[in-house]
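Fold and geometry: a report
Each chain, written out:
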Amino acid sequence: MIIVLLIGAVLQSIMPGYVVLGQAKHPILVGIVLYYALSRDMNVAMVAAFGAGFLQDALTPMVPLGYSIFFFCLVVLVVGRFRNLVLVESVATSAFFGAVAGMLVNIGFGFLLATDLDTKCSLDRVLLRTLGTALLGAVTTPIVFFMIVRLDQLVGNIEIKESIDNVE
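In this report, we go over the structure that sits alongside the text. (Residues numbered from 1 in each chain as written. Predicted model: local features only at pLDDT ≥ 70, side-chain atom pairs only at ≥ 80, totals over all residues. Heavy atoms only, no water.)

With that settled, consider the layout of surface pockets. The rolling of a water-molecule-sized probe over the atoms marks out the regions of remaining empty space. Of the volumes computed, that of the largest pocket is approximately 660 Å³. Broken down by secondary-structure element, the contributors of at least two residues to the lining of the largest pocket are helix H1 (2–14), helix H2 (28–39), helix H3 (42–59), helix H5 (91–115) and helix H6 (123–155). Top contributing element to the lining of the largest pocket by residue count: H5, with six residues. In terms of residue class, the lining of the largest pocket is built from 16 nonpolar, eleven polar and three charged. In terms of lining, the second largest pocket is formed by 17 residues, of which the most central are Tyr35, Val88, Glu89, Phe145 and Val149. Those elements that provide at least two residues to the lining of the second largest pocket are H2, H5 and H6. At six residues, H6 tops the list of elements feeding residues into the lining of the second largest pocket. (1 Å grid on protein atoms, 1.4 Å probe; cavity = no way out; pocket = protein on both sides within 12 Å on 5 of 7 lines; lining within 4 Å. Points joined across faces, edges and corners; volume = space filled by probe spheres on them. Helix = DSSP H or I, 4+ residues; strand = E, 2+ residues; numbered from the N terminus. Nonpolar A, V, L, I, M, F, W, Y, C, P; charged D, E, K, R; others polar.)

Okay, here's the thing in structure tokens:
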């Protein structure tokens, strides 16, 4: 998990934001947190949320330390409630949760940064960035899930599922 978090934090910080989408970046760390929230028990998911939040806050100059930790832990609590109701292996599940989590985390950031006296964020920029993050979350999260599953299979954390073709 530590290696996944470090790679995700570096990738998220070096990837440029899209001007058309309000400088939204690919929410790679949100995808990592969602993966652990949907596929592991709550304690492991909370550790992932805390680690991802700390790394994101440490690498983002305008966000005070602790904001991402709070929102990522909140995502784990909410998504953990729905884990037994969804098909975790589905691309649609990861895309949906990636879009919704990216959007809600961004709205939370906008609200907290707007109430902070040192930071000024306009409402239209927050909305544009929120929609951009939702779009990028729907695209990025399934890719993040696939990469982490492959890594988990390679290191032996989960079994490789074999296909059952030609069953009579």
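Relative to the helices and strands, Phe71 is located in helix H4 (residues 67–82). Given the relative accessible area of 9%, Phe71 is considered buried. With 66 residues separating them in the primary sequence, Phe71 and Gly137 have C-alpha atoms 15 Å apart. Not counting residues within four places of it along the chain, the set of residues in contact with Phe71 comprises Val105, Gly108, Phe109 and Leu112. (Buried < 20%, exposed > 50% of the residue type's maximum accessible area, 1.4 Å probe, protein only. Contact = heavy atoms within 4.5 Å.)

With their axes 9 Å apart at the nearest point, H2 and H6 run at an angle of 55° to one another. As far as their axial angle goes, H6 and H2 are oblique. Regarding H2 and H6, the two cross each other, and that crossing is right-handed. Contacts from Ile28, Gly31, Ile32, Leu34, Tyr35, Tyr36 and Leu38 in H2 reach Thr140, Thr141, Val144, Phe145, Ile148, Val149 and Asp152 in H6. (Axes fitted to C-alpha atoms, helices over the stretch in contact; angles between N-to-C directions. Parallel < 35°, antiparallel > 145°, perpendicular 65-115°, else oblique. Left-handed = near helix turned anticlockwise from the far one by under 90°.)

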